[in-house]
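# Per-entry structural report
Here is how the chains run, residue by residue.
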Amino acid sequence: MWSKSAIAIVGGCILSISFMLNLNFLMPLQVDTRLFIGLLFSFPMWVGIMVWCYASDSFKQAAKRCTALFIPSAMFNAFFLFS
């Protein structure tokens, strides 16, 4: 139970930050508006990812869920950052 909670908290935080970075690169708005939208959406997204990871059967399955979402998101972050 504690291991699923740990991966849900840490993995959910990393995923929500990564998703919001992708969204910030794609939105054609001012910087302050993008940050405000990111703050509004990142916390509910983090909670949703935490619930999704915590609903898994084991630590290994929760880690696979977080990793399966993080890898493509991190690749998009790297693409947007270096292009």
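Further up the page is the structure itself.
My aim in this report is to walk through the structure given alongside it, one point at a time.

Cut-offs used in this document
- Residues numbered from 1 in each chain as written.
- Predicted model: local features only at pLDDT ≥ 70, side-chain atom pairs only at ≥ 80, totals over all residues.
- Heavy atoms only, no water.
- Phe/Tyr/Trp six-rings, centres within 6.5 Å; stacked < 30°, edge-to-face > 60°.
- Helix = DSSP H or I, 4+ residues; strand = E, 2+ residues; numbered from the N terminus.
- Buried < 20%, exposed > 50% of the residue type's maximum accessible area, 1.4 Å probe, protein only.
- Lys NZ or Arg CZ within 6 Å of the ring centre and 35° of its normal.
- Core = buried A, V, L, I, M, F, W, Y, C linked by side-chain atoms within 4.5 Å.
- Contact = heavy atoms within 4.5 Å.
- Axes fitted to C-alpha atoms, helices over the stretch in contact; angles between N-to-C directions.
- Left-handed = near helix turned anticlockwise from the far one by under 90°.
- Expected span 1.5 Å × (residues − 1).

## Some thoughts on the packing of aromatic side chains
- Per the stated rule, a full pass over the model turns up four aromatic pairs.
- Plain terms: the ring middles of Phe43 and Trp46 are 5.9 Å apart, the flat faces sit at 70° to each other, and that makes the pair edge-to-face. Of this pair, Phe43 and Trp46 are both found in helix H2 (residues 31-54), three residues apart, which corresponds to roughly one turn of the helix.
- Here Phe43 falls in the exposed class, since its relative accessible area comes to 52%.
- Take Trp46: its relative accessible area is 24%, and that puts it in the partly exposed class.
- Among the aromatic side chains, those forming a connected cluster through ring pairs are Phe25, Phe76, Phe79 and Phe80.
- Just above the ring of Tyr54 sits the side chain of Lys4; from NZ or CZ to the centre is 5.0 Å.

## Description of the nonpolar core
- Counting residues in each nonpolar core, the largest one holds eight residues, listed as Ile7, Ala8, Leu15, Ile49, Cys53, Ala62, Ala63 and Cys66.
- At the level of secondary structure, the elements contributing two or more residues to this core comprise helix H1 (2-26), H2 and helix H3 (59-82).
- Sequence-distant contacts of Cys53, that is, excluding residues within four places in its chain, are made with Lys4, Ala8, Ala62 and Cys66.

## Some remarks on the packing of H1 against H2
- Their axes nearest at 8 Å, the elements H1 and H2 cross at an angle of 145°. Crossing of H1 against H2: the hand is right-handed. Touching Lys4, Ser5, Ala8, Ile9, Gly12, Cys13, Leu15, Ser16, Phe19, Met20 and Asn24 of H1 are Arg34, Leu35, Gly38, Phe41, Ser42, Met45, Trp46, Ile49, Met50, Cys53 and Tyr54, all from H2.

## Side note on H1
- With 25 residues, H1 extends 36 Å from end C-alpha to end C-alpha; this agrees with the ideal 36 Å at 1.5 Å per step.
- Residues of H1 that are buried: Lys4, Ile7, Ala8, Gly11, Gly12, Leu15, Ser16, Ser18, Met20, Asn22 and Asn24.
- Its buried side turned inward, H1 meets H2 and H3.

## As for the environment of Leu23
- Within the fold, Leu23 resides in helix H1.
- The partly exposed category is assigned to Leu23, whose relative accessible area is 30%.

Everything listed is a geometric property; what it means functionally is a separate question.
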